[in-house]
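A closer look at the structure
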Amino acid sequence: MLMPFEIDARDPGSRARAGTLHTAHGVVQTPVFMAVGTRATVTGLEPADLAELRAPVVLGNTYHLMLRPGPEVFRRVGGIHRFMGYSGPVLTDSGGYQIFSLAADRTVSEQGALFRSYVDQRRLLLSPERSIEIQTAIGSDIMMVLDECIDSTSGYDATLAAMERTHRWALRSLAARENPAQALFAIVQGGLVPELRQRSAEFLTAHPFDGFAIGGLAVGDTRAEREDVTLASAELLPAERPRYLMGVGTPPDLLHAMLAGVDMFDCVLPTHLAWQGTAFTSTGRVKVTRGSCASADVPLDAACSCRTCQHFSRAYLNHLFKCSEPLGPRLLSLHNLHHYFSLMREARAAILAGTFAAYARDKLAAIDRHEHSGRPLGVAARGAEPS
Ligand SMILES: [Zn+2]
């Protein structure tokens, strides 16, 4: 049986929809932004912080977790929920993207990807079957198939070959699945070639996957290319199954993808930028390490209700970063995640009210205004720093 997913409302002015996903560790309302917890931790935050933020899902990573602590520890402890003291839904990425972007001495064949461990230099194989076996030990609520990621600007022949291998690997993953309580999502590939994206969606949606992800974006593509592929790919996916855009996530990226009918997102950006001292605010990005913040006795964002903005000033945050105190990135992580989760909750409310198209248009215009008011822009999404 497929993981239950209901559509609660459709926006009359766009393809946006609000839904409810039923996982083994709780209900998830969509559209949803998932906090990146690569190594079984959202860096610097405790599960109690995630509960206060009402973080809907935590995303772990098979590549990093297979190397440390290793699947045997998860088997012994009884899975990631118990291991990290967190009882909410967990999604695990398969490791395909990290093999592509991080692994040393990597060779990819039909069998899988051979690479060298950064922990103990051992040569390891990550195959579709091995990825499912590790994700089963981790005990995530939603597993991803192993895919072959390549640069989105690769040529046609390379893109076609990676897509076809991704399809074969997806079927091997489906066959290797052991625990029916763990959902399994397939990943549509095909680079920036519309015809290949269509073939990939047609192939994968003919099989009983619980959901479908749009992969291979934010790896060398422009924002316009990303939006075109997202729009076209989302349209090709079945309306009754969740759609997940992997690793893409500035607030405008999320709004455009929600307009296209995407339900699920993850991105390192809010936490990654928090560790660099950059905050997302209702009036644009703020770099708290700048001199202008040093004596600013005002909250990071006067319009924000998070704990950081309720209790601390920009001057204090500036001081913490200057002294390399770990509380600085922690407070900024709390704020940035609160900013993202608030955006998603507002978006869902607008979809339920049937006003999302107007909401997204106003929000995009406001972000555009702030981003072009002379403030420095940050980094690209997933391509900036793989995690
Ligand atoms: Zn705040």
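Structure: above.
Below is a summary of the structure that appears in this document.

So, how was this worked out
- Each chain has its residues counted from 1, running along the sequence as written.
- A pLDDT threshold of at least 70 governs which residues receive local features in this predicted model, and a stricter bar of 80 or more applies before side-chain atom pairs are shown or counted, although totals over entire chains, interfaces and linings include all residues.
- As a convention, hydrogens and water are excluded, and side-chain values are obtained from all of the structure's heavy atoms.
- Any residue under 20% of the maximum accessible area for its type is buried, any over 50% is exposed, and the rest in between are partly exposed; the area is computed with a 1.4 Å probe on protein chains only.
- Secondary structure elements follow DSSP: runs of H or I no shorter than four residues count as helices, runs of E no shorter than two count as strands, and numbering proceeds from the N terminus.
- Put simply, a nonpolar core is a bunch of buried Ala, Val, Leu, Ile, Met, Phe, Trp, Tyr and Cys residues held in one set by side-chain atoms that sit within 4.5 Å of each other.
- Contact between two residues is taken to exist if any of their heavy atoms lie within 4.5 Å; hydrogens are not considered.
- Here, any two strands with at least 2 DSSP bridges between them count as paired.
- Every axis in this analysis is a line fitted to C-alpha atoms, fitted for helices over the stretch in contact. Angles between the N-to-C directions lie between 0 and 180 degrees.
- Paired rings are identified among Phe, Tyr and Trp, the last through its six-membered ring, by centres lying within 6.5 Å, and are further divided according to the angle between planes into stacked (under 30 degrees), edge-to-face (over 60) and tilted (the rest).
- Here the angle decides the label: under 35 degrees means roughly parallel, over 145 means roughly antiparallel, 65 to 115 means roughly perpendicular, and every other value means oblique.
- Two helices cross in a left-handed way if the nearer one is turned anticlockwise from the farther one by less than a right angle. They cross in a right-handed way if the turn is clockwise.
- Crossover handedness is defined here as right-handed if the route from the first strand over the helix to the second strand goes clockwise, with the strands pointing away from the viewer.

1. As for helix H6 (residues 128-138)
For H6, the set of buried residues is Pro 128, Ser 131, Ile 132, Ile 134, Gln 135, Ala 137 and Ile 138. Where H6 ends, the next residue or the one after it, Gly 139, has phi of about 80 degrees, a positive value.

2. Describing the nonpolar core
Counting residues in hydrophobic clusters, the biggest one holds 109 residues, and the most contacted among them are Tyr 244 and Phe 356. Top element by residues in this core is helix H14 (residues 327-353). It accounts for 11 residues. Contacts of Phe 356, omitting those with residues within four sequence positions, involve Asp 11, Ser 14, Ala 16, Leu 255, Met 258, Leu 259, Ala 347, Ala 350 and Ile 351.

3. Structural notes on the sheet that holds strand E13 (residues 243-245)
Spatial ordering of the closed barrel is given by E4-E5-E6-E10-E11-E12-E13-E14, a layout of 8 strands whose pairing is parallel. In this sheet, neighbouring strand axes are inclined to one another by 30 degrees on average, regardless of whether the strands run parallel or antiparallel. Strand direction decides the pairing type here: strand E6 (residues 90-93) and strand E10 (residues 142-144), joined by 2 bridges, are parallel. Across the sheet, residue Thr 92 finds its bridge partner in E10, namely Met 143.

4. Description of the packing of aromatic side chains
Considering all chains together, one arrives at 10 aromatic pairs under this definition. Judged by centre distance (6.2 Å) and plane angle (75 degrees), the ring pair of Phe 209 and Phe 212 falls under edge-to-face. Judged by its relative accessible area of 1%, Phe 209 is buried. Taken together through their ring pairs, the aromatic side chains of Phe 33, Phe 280, Tyr 340 and Phe 341 make up a single cluster.

5. Quick notes on the packing of helix H10 (residues 251-259) against helix H15 (residues 356-371)
Taken N-terminus to C-terminus, the directions of H10 and H15 make an angle of 160 degrees; their axes are 10 Å apart at the nearest point. Classified by the angle their axes make, H10 and H15 are roughly antiparallel. Here H10 runs over H15; the crossing is left-handed. Residues Pro 251, Pro 252, Leu 255, His 256, Met 258 and Leu 259 of H10 touch H15, and the partners they reach there are Phe 356, Ala 357, Tyr 359, Ala 360, Lys 363, Leu 364 and Ile 367.

6. What about the pairing of strand E12 (residues 211-214)?
Here E12 shows two buried faces, one formed by Gly 211 and Ala 213 and the other by Phe 212 and Ile 214. Where strand E11 (residues 183-188) lies against E12, 4 bridges are found, and the strand directions are parallel. Its bridge partner lying in E12, Ile 187 is registered against Ala 213. One crossover worth recording links E11 to the parallel E12 by way of helix H8 (residues 194-205), and it is right-handed. Where E12 meets E13, 3 bridges bridge the pair, whose relative direction is parallel. What sits directly across from Phe 212, in E13, is Arg 243.

7. Observations regarding the sheet that holds strand E9 (residues 123-126)
Read across the open sheet, the 3 strands follow the order E7-E8-E9; overall the sheet is antiparallel. Bordering the open sheet on either side are strand E7 (104-108) and E9, each of which pairs with just one other strand. Each strand axis lies, on average, 20 degrees off the axis of its neighbour in the sheet, ignoring direction. When E7 meets strand E8 (residues 113-116), the two strands line up antiparallel, connected through 3 bridges. Bridge pairing in E8 links Ala 104 to Arg 116.

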